[in-house]
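Commentary on secondary and tertiary structure
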Amino acid sequence: MSAEWLASPATVALAPVLAVQGLRIRRGTPRLPEAAGPLAGMTDVIDVTGRGGGASAAEVSETPGAAGAAGAAGTLPGGESGPVFRLAVLGESTAAGVGVATHDEGLAGFLAREAAARTGRPVRWQVAARSGVNTRTTTAELVPLLEPADVVVVALGVNELLELNRPRRFRGELRELVEAVRRRLPGVPVVVAGMPPVGRFPALPQPLRAVLGLRARALDHVMREVARDAEGVVHATAEVPVEIAGFFASDGFHPSATGYRHWAQALVRALPGLPAAG
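Below is a short write-up of the structure. Quick caveat: nothing in here was measured; it's all calculated off a predicted structure.

A word on the environment of Pro-196. With respect to the helices and strands, the residue Pro-196 is situated in the loop between strand S8 (190–193) and helix H7 (208–229). Take Pro-196: its relative accessible area is 24%, and that puts it in the partly exposed class. Apart from the residues within four sequence positions on either side, Pro-196 is in contact with Val-158, Phe-201, Ala-216 and Ala-238.

This is the structure we're talking about:
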């Protein structure tokens, strides 16, 4: 019995209750801004010890355009030169750093530091993201902003969940997004971040939490299928400790700096070509 089969009947049967709960959540949840500051930056290897979310990345530009223009060499500890690992983060509000002040405290910054720690290489990161976008909008408006990268991490799906997008339609739209990334950056690996464990979000009331959790599992199954069927695409399961104190920002829905750090530590294991942690 699939999560997709379970989700649709539950949504129909509980529609009145879910509508009331959803309205209360929307009215009572503060709208947090996207992370401020540059959309590209550099994390040196010497900075990776700052796991708590300090501003260790050197800010280089307010647009992603500078991310691919600074060359492929960086400074390693001891003054040695080495190749820069180029990371792109594409997607919705979590990719845009909603819940933290700057991208250095968000997914891009933490993921860059984790990648630097594993590769022993400086990491240049870029962000092409906007709060509220779905997969179709991302394909049309954000993929064209991507600059040359060694890997693209896609963080999408929650808005598909909230918009009640059907899994079959989402499958086609996600495939189109992957193809668009491929056209923009031929041969670059794509990591699709799995759906967050919405069914464990403590801020969501029952039965809304359970139904959204089932629907999230259905969309995550679609993500796995798309990754399985496309060469060079990896699905990364989002195994994160959402129950720990301080994981969420003040809205109870987006990660805090602590949440983004835990998420990055889980996602970095899926980045192609990175060695396992020592």
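Our focus in this paragraph is helix H4 (residues 135–142). Looking at H4, one finds that the buried residues are Thr-135, Thr-138, Thr-139 and Leu-142. Each buried residue of H4 lies within a common arc of 120° when the element is viewed along its axis, so the set occupies one face. The secondary structure elements touched by the buried residues of H4 are strand S5 (85–91), strand S6 (123–129), helix H5 (158–162) and helix H6 (167–184). The opening residue of H4, the one whose side-chain oxygen lies 3.2 Å from the backbone nitrogen of Arg-136, is Asn-134.

This part is about the pattern of salt bridges. All told, the structure shown has 10 salt bridges when counted by the stated rule. When the shortest N-O distance is used, the salt bridge between Asp-150 and Arg-86 registers 3.2 Å. Taken as a pair, Asp-150 in the loop between H4 and strand S7 (151–155) and Arg-86 in strand S5 lie far apart in primary sequence, 64 residues in all. Residue Asp-150 is classed as partly exposed on the basis of its relative accessible area, which comes to 26%.

What follows is about the packing of H6 against H7. In the contact formed by H6 and H7, the axes pass within 9 Å of each other and the chain directions differ by 40°. When the axis of H6 is compared with that of H7, the two are oblique. Both H6 and H7 take part in a crossing whose hand is right-handed. Only Ala-218, Leu-219, Val-222, Met-223, Glu-225, Val-226 and Asp-229 of H7 make contact with H6, whose side of the interface consists of Pro-167, Phe-170, Arg-171, Leu-174, Arg-175 and Val-178. When the residues that make up the contact of H6 with H7 are grouped by side-chain class, the tally is nine nonpolar, no polar and four charged.

This part takes up the pairing of S6. Within S6, seven of the seven residues are buried, which leaves it mostly tucked inside the rest of the structure. Alternating residues of S6 divide into Val-123, Trp-125, Val-127 and Ala-129 and Arg-124, Gln-126 and Ala-128, and every residue in both groups is buried. When strand S1 (residues 40–43) meets S6, the two strands line up antiparallel, connected through four bridges. Note on S6: the bridge partner recorded for Ala-40 is Gln-126.

This part takes up the packing of aromatic side chains. How two aromatic rings sit relative to each other is set out by the distance from centre to centre and by the angle between their planes. Under the counting rule described, the total for this entry stands at four aromatic pairs. Ring centres of Phe-201 and Phe-253 lie 5.6 Å apart, and the angle between their planes is 80°; this geometry places the pair in the edge-to-face category. Here the residue Phe-201 occupies a position in the loop between S8 and H7, and Phe-253 occupies one in the loop between strand S9 (233–236) and helix H8 (257–267), the gap between them amounting to 52 residues. Taking relative accessible area as the criterion, Phe-201 reaches 4% and is therefore assigned buried. Here Phe-247 and Phe-248 contribute two aromatic rings whose centre-to-centre distance is 5.1 Å and whose plane-to-plane angle is 70°, an arrangement assigned as edge-to-face. Here Phe-247 falls in the buried class, since its relative accessible area comes to 4%.

Right, let's get into the side chain of Glu-225. Mapped onto the elements of the fold, Glu-225 is located in helix H7. A distance of 2.8 Å separates the side chain of Glu-225 from the side chain of Arg-171, its partner in a polar contact.

So, about the environment of Met-195. Position of Met-195 relative to the elements: it lies in the loop between S8 and H7. Note: C-alpha distance between Met-195 and Met-223 (28 residues apart in sequence) is 8.4 Å. Excluding residues that lie within four positions of it along the chain, Met-195 makes contacts with Leu-156, Gly-157, Val-158, Leu-161, Ala-216, Leu-219, Asp-220, Met-223 and Ala-238.

Between Gln-206 and Pro-207 the backbone carries a cis peptide bond, its omega angle lying at 5°. Note on placement: Pro-207 falls in the loop between S8 and H7. The phi torsion at Leu-164 lies on the positive side, around 60°, for a residue other than glycine. Secondary-structure assignment places Leu-164 in the loop between H5 and H6.

Calculation criteria
Residues numbered from 1 in each chain as written. Predicted model: local features only at pLDDT ≥ 70, side-chain atom pairs only at ≥ 80, totals over all residues. Heavy atoms only, no water. Helix = DSSP H or I, 4+ residues; strand = E, 2+ residues; numbered from the N terminus. Buried < 20%, exposed > 50% of the residue type's maximum accessible area, 1.4 Å probe, protein only. Contact = heavy atoms within 4.5 Å. Arc of directions from axis to C-beta. Polar contact = N/O pair within 3.5 Å; in protein donor to acceptor, adjacent residues only side chain to side chain. Salt bridge = Lys/Arg side-chain N within 4 Å of Asp/Glu carboxyl O. Axes fitted to C-alpha atoms, helices over the stretch in contact; angles between N-to-C directions. Parallel < 35°, antiparallel > 145°, perpendicular 65-115°, else oblique. Left-handed = near helix turned anticlockwise from the far one by under 90°. Nonpolar A, V, L, I, M, F, W, Y, C, P; charged D, E, K, R; others polar. Pairing = 2+ DSSP bridges. Phe/Tyr/Trp six-rings, centres within 6.5 Å; stacked < 30°, edge-to-face > 60°.

No statement about biological role is implied by the geometric values presented.
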